[in-house]
Every structure is written in structure tokens, then in C-alpha cells.
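Survey of secondary and tertiary structure
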Amino acid sequence: MKKEIERYKNFEYIITRPRNFSPEKTYPMILLLHGAGARGNDISLHLNYPLFKLGEEMIRDAIVVMPQCFADTWFDIFEQLKEFAVYAMEQLNADPCRCYVMGASMGAYATWQMAMSMPERFAAAVPICGGGMYWNAERLKNMPIHAFHGCEDPIVLCEESKKMVDAINKRGGNAKLTLLEGVGHNAWDYAYADQALFAWLFSKKLEK
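Here we summarise the structure given alongside this text. (Residues numbered from 1 in each chain as written. Predicted model: local features only at pLDDT ≥ 70, side-chain atom pairs only at ≥ 80, totals over all residues. Heavy atoms only, no water.)

**A few points about the overall build of the chain**
A tally of regular secondary structure across the chain gives 6 helices and 8 strands. Counted from the first residue to the last, the chain has its helices and strands arranged as β-β-β-α-β-α-β-α-β-β-α-β-α-α. The C-alpha atoms of the chain give a radius of gyration of 16 Å, which matches the 17 Å a tight globule of 208 residues would have. Counting only residues that meet the buried cut, the chain has 52% of its 208 residues in that class. The long-range fraction of contacts in the chain, counting pairs at least 24 apart against all pairs at least 6 apart in sequence, stands at 72%. Total accessible area on the chain stands at roughly 9,300 Å², and carbon and sulfur atoms take up 47% of it. Placing the 23 positive and 25 negative side-chain charges of the chain at their respective mean positions leaves the two points 4 Å apart. (Helix = DSSP H or I, 4+ residues; strand = E, 2+ residues; numbered from the N terminus. Rg over C-alpha atoms; globule rule 2.2 N^0.38 Å. Buried < 20%, exposed > 50% of the residue type's maximum accessible area, 1.4 Å probe, protein only. Contact = heavy atoms within 4.5 Å. Areas by Shrake-Rupley, 256 points an atom, 1.4 Å probe, with all protein chains shown as cover. Lys, Arg positive; Asp, Glu negative; His and termini not counted. Charge placed at Lys NZ, Arg CZ, Asp CG, Glu CD.)

In C-alpha cells:
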């Protein structure tokens, strides 16, 4: 899989494109939001990010865009992140009906918030070992969501994902939570290697 590093304003980002990519076509796109350990100003250090290794076969026909958080948290630069997401969707050959947001740990918190802030833009979301503003779950009742969390996570308790999923479903939503028995904080290795997850993800389309 070919991975390239590009820049948009303050963001460096890794992008992978499908096999036989054509600039005349559009493709499913995943906006991938990393956790706190990948922060900084040298995204080349993350060319072997787990999704690119574990999920390589599942993402070969999609575009994956992974910006690097250059601040302390995604929330410190959240408006810039939203602007970047729009840029990626509109300028990098994304199918506007098949854009997805996925993230782990700090990136999962941002995934929940991006989905809430831009529900008209994302066809589905995959937050992994994170949490969010469950009192605002009404905004996600129409978005397919599949969350993952390790039951033994000592850093972000799995109750955070439970609260989000329960709140969405109580409002008539369609959120699923996979709880991983015996797994700590690193739930992402399980999610990124889950073929069924990506088959589900790429089946989701926005109605426009």
C-alpha cells in the first residue's frame, strides 16, 4: 500500500489511495483520527500506524486520510480539524455519500464530536475506546455507529462508550458497541483487523 505525506495549512497528513486510483473518480473516504501518542510535528513517524498494517486488505479500495494533531488535544484545534475534514471531502476525490470518521482513544473522543458537529457529512462513525457528550446524543440518532471498547480499559472506562451508545439508542438511533473481554486500552488492534467492521462501514451511504 502506497502512503504519501501531504500538507493542508497547519496539518501534515498521511493519505492512502485505492489501487488503480483515477483523479476522475470518487471513492469511499475514512477520516482517521489518532490518539494522544501520535501528536507532534513529524507524521512520518506514523507511516506504520496500526490501521495501515492490520486493515490493509480492507481499505485497499478506499481513501484514508490521517491528519496529525499538532496541539495538545484535537479539541484545541477542533475548528481547524472540521475545516480539514471539509477540505479532504471536497478536494481529495471522496464520494460525498461515503465519508466516514474513525478514531481511537483521544481520536475517539474527536470522532464522537466530529460526528455530532457534522452529521450531514458522515455516513457512519467508528469510535474506539473513547467517550463523548451523551446528553447531546439526539444529533446522532440517524447515523450508523459501531463503537469498540476493551472491558479492562484502565485509561478510558468502557462505561464511556456504553453511555454514548445507550443514549443514542434511547433516542431511536442505530449504535452498536462491541465490548472486548480481557482487553485493556488497546481496542484498536481488534477493530482495525475486523473484516466484518469494514464490510459494514463501506456499506453505509448518506441519503442526499
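**A word on the side chain of histidine 46**
If you trace the backbone, histidine 46 turns up in the loop between strand 3 (27-33) and helix 1 (50-54). The residues touching histidine 46, leaving out its near neighbours within four places in the chain, are Ile14, Gly37, Ala38, Phe52, Met66 and Gln68.

**A few points about the packing of aromatic side chains**
Across all of its chains, the model carries 14 aromatic pairs by this definition. Ring plane angle 50° and centroid distance 6.1 Å describe the contact between phenylalanine 84 and tyrosine 87, whose orientation is recorded as tilted. Here the residue phenylalanine 84 and the residue tyrosine 87 both occupy positions in helix 2 (residues 78-91), the gap between them amounting to 3 residues, near one helical turn. Overall, tyrosine 87 belongs to the buried group, its relative accessible area being 19%. Seen from their ring centres, tyrosine 100 and phenylalanine 202 are 5.8 Å apart, and the 70° between their planes marks the pair as edge-to-face. Here phenylalanine 202 lies in helix 6 (residues 195-202) and tyrosine 100 lies in strand 5 (residues 94-104), a separation of 102 residues in the sequence. Cluster of aromatic residues (ring-pair linked, three or more members): Tyr8, Phe11, Tyr13, Phe70, Phe84 and Tyr87. Between the NZ or CZ atom of arginine 17 and the centre of the ring of phenylalanine 21, over which it lies, the distance is 5.5 Å. (Phe/Tyr/Trp six-rings, centres within 6.5 Å; stacked < 30°, edge-to-face > 60°. Lys NZ or Arg CZ within 6 Å of the ring centre and 35° of its normal.)

**Considerations on the sheet that holds strand 3**
The strand order 1-2-4-3-5-6-7-8 describes an open sheet built from 8 strands, whose pairing is mixed. The open sheet has two edge strands, strand 1 (3-8) and strand 8 (175-180), and neither has a second partner. Taking the axes of each pair of neighbouring strands and ignoring which way they run, one obtains an average angle of 20° across the sheet. Here strand 5 pairs with strand 6 (residues 124-128) via 5 bridges, running parallel. Residue pairing across strands places valine 101 opposite alanine 125, the latter belonging to strand 6. (Pairing = 2+ DSSP bridges. Axes fitted to C-alpha atoms, helices over the stretch in contact; angles between N-to-C directions.)

**Some thoughts on helix 4 (residues 159-170)**
In a regular helix each residue adds 1.5 Å, so 12 residues correspond to 16 Å; helix 4 covers 16 Å between its end C-alpha atoms and thus fits that length. If you check which residues of helix 4 are buried, you get Ser161, Met164, Val165, Ala167 and Ile168. Here the buried residues of helix 4 occupy an arc of 160° about the axis, which is enough to place them on one side. On its buried side, helix 4 packs onto helix 3 (106-117), strand 7 (145-150) and strand 8. Among the residues trailing helix 4, glycine 172 stands out with phi positive, at a value near 85°. (Expected span 1.5 Å × (residues − 1). Arc of directions from axis to C-beta.)

**Points about the pairing of strand 4 (residues 63-67)**
Burial analysis of strand 4 places 5 of its 5 residues in the buried class, which makes it a mostly covered element. Of the two faces of strand 4, both are covered, the one formed by Ile63, Val65 and Pro67 as well as the one formed by Val64 and Met66. Here strand 3 pairs with strand 4 via 3 bridges, running parallel. When the sheet's bridge partners are listed, methionine 29 is paired in strand 4 with isoleucine 63.

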